[in-house]
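Examining the three-dimensional arrangement
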Amino acid sequence: PEDVGDDAVPSRLLERDDCSAGLRSLPFWSVVRVACEEFVLKYPDQRGDEGFEAWCRDFHNEKSEGWFEANLPRLEPAFKPVWFSCTADGA
């Protein structure tokens, strides 16, 4: 059988020079989604914007508080849609 990356994307496609950045990032977003779902299962009362910030801090726990505060404006547009998708699905 052919080796596939996360989300069943054949690795041969991910290695092509003409592979889109979106396709290459599927494995990363799969990791983000799983981390979100695990957080929601562990902390079922965490929802909304406060829940998003708690999850995002947990997901980036190797970073300092200063890094997190400085990068939150950049992280919100990238990660918030995933958070609200996870919490809307009742994960």
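Check the entry above for the structure.
Since we're looking at a predicted model, the values are computed, not measured. (Residues numbered from 1 in each chain as written. Predicted model: local features only at pLDDT ≥ 70, side-chain atom pairs only at ≥ 80, totals over all residues. Heavy atoms only, no water.)

Let's shift gears to the packing of aromatic side chains. Tallying each qualifying case throughout the model produces 7 aromatic pairs. Taken together, a centroid distance of 4.7 Å and an interplanar angle of 45° make the contact between Phe39 and Tyr43 tilted. Relative to Phe59, the ring of Trp55 has its centre 5.7 Å away and its plane inclined at 35°; by these criteria the two rings are tilted. You can see Trp55 and its partner Phe59 sitting in helix α4 (residues 48-59), 4 residues apart, about one turn around the helix. Residue class for Trp55 comes out buried when judged on its relative accessible area of 0%. An aromatic cluster is built from Phe39, Tyr43, Phe52, Trp55, Phe59, Phe79 and Trp83, whose rings are joined through pairwise contacts. Sitting over the face of the ring of Trp67, Lys63 holds its NZ or CZ atom 5.1 Å from the ring centroid. (Phe/Tyr/Trp six-rings, centres within 6.5 Å; stacked < 30°, edge-to-face > 60°. Helix = DSSP H or I, 4+ residues; strand = E, 2+ residues; numbered from the N terminus. Buried < 20%, exposed > 50% of the residue type's maximum accessible area, 1.4 Å probe, protein only. Lys NZ or Arg CZ within 6 Å of the ring centre and 35° of its normal.)

A few words on the environment of Glu37. Within the secondary structure layout, Glu37 lies in helix α3 (residues 26-42). Between the C-alpha atoms of Glu37 and Val82, which are 45 residues apart in sequence, the distance is 9.8 Å.

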